[in-house]
Amino acid sequence: MSDTEEPKAKKQKTSKKDRKSISSTTSDKPSTDDAADTKDVPTYEERCLAINILASPLASKKSTKRAHKLVRKASQSKSLRRGVKELVKGLRKGDKGLAIIAGDVFPIDVISHLPLLLEEHNVPYLFVPSKRDLGAAACTKRPTSCVLIKENNKKGGDGKEMDGKDLFDALVEEAKEYDPNKR
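A quick note: this is a predicted structure, and the numbers were derived from the prediction, not measured.

**Q** Got a sec to walk through the nonpolar core? Specific residues and values, please.
**A** Core analysis: the biggest nonpolar cluster contains 36 residues, and V71, L87, L98, I100, I101, L118 and I149 have the highest contact counts within it. Elements represented by at least two residues in this core include exactly α4 (61–76), α5 (84–93), β2 (97–102), α6 (114–120), β3 (125–128), α7 (131–137), β4 (146–150) and α8 (165–177). Among residues more than four places away in sequence, those in contact with V71 are L80, I100, L134, A137, A138, V147 and I149.

The following block contains the structure:
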């Protein structure tokens, strides 16, 4: 260094408490970015425009919310299988329950074999419009194409009882009402 150049000032370290207080004072003010983020979230109807041709039976708006709530509860009680590989592996091992499949999966070949496989194993299934929302409900950061909510058997498993048994029963009844031969 020459005499004319000044040394660069070091960045001052701040403690966690100081950073939290700084962030809390800035978050008290309503930001226009937050309002813009809520507008970017597509509605149920907009998500339904992006579904593929296989997505039948598609859950209604109310049933979709109930399905996401059930997936979240099943994820917390560790009675959930996420993704195509795990779902197929669970079916091979004899897991029963309710399968929820995202309707906006592309390419369609990823999930095209699942409805037939689920019907062979007598497992009811429903389609929801968005894989992003299904992944968020399953407590993962990545979008999820399908999940299998396992029925709780007292014989095996970790013994945890799932909270949403009434939700589970209602969605299973709704899924069983669908007859694939009536297309």
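**Q** Describe α4, naming the residues involved and giving the relevant values.
**A** Between its terminal C-alpha atoms α4 stretches 23 Å, which fits the 22 Å expected from 16 residues at 1.5 Å a residue. Looking at α4, one finds that the buried residues are S63, T64, A67, H68, L70, V71, A74 and S75. Projected down its long axis, α4 carries its buried residues within an arc of 165°, all on one side. In this structure, α4 carries K62, K65 and Q76 as exposed residues pointing more than 90 degrees from its buried face. Following α4 by one or two positions, K78 has its phi on the positive side, about 60°.

Calculation rules
- Residues numbered from 1 in each chain as written.
- Predicted model: local features only at pLDDT ≥ 70, side-chain atom pairs only at ≥ 80, totals over all residues.
- Heavy atoms only, no water.
- Core = buried A, V, L, I, M, F, W, Y, C linked by side-chain atoms within 4.5 Å.
- Buried < 20%, exposed > 50% of the residue type's maximum accessible area, 1.4 Å probe, protein only.
- Helix = DSSP H or I, 4+ residues; strand = E, 2+ residues; numbered from the N terminus.
- Contact = heavy atoms within 4.5 Å.
- Expected span 1.5 Å × (residues − 1).
- Arc of directions from axis to C-beta.

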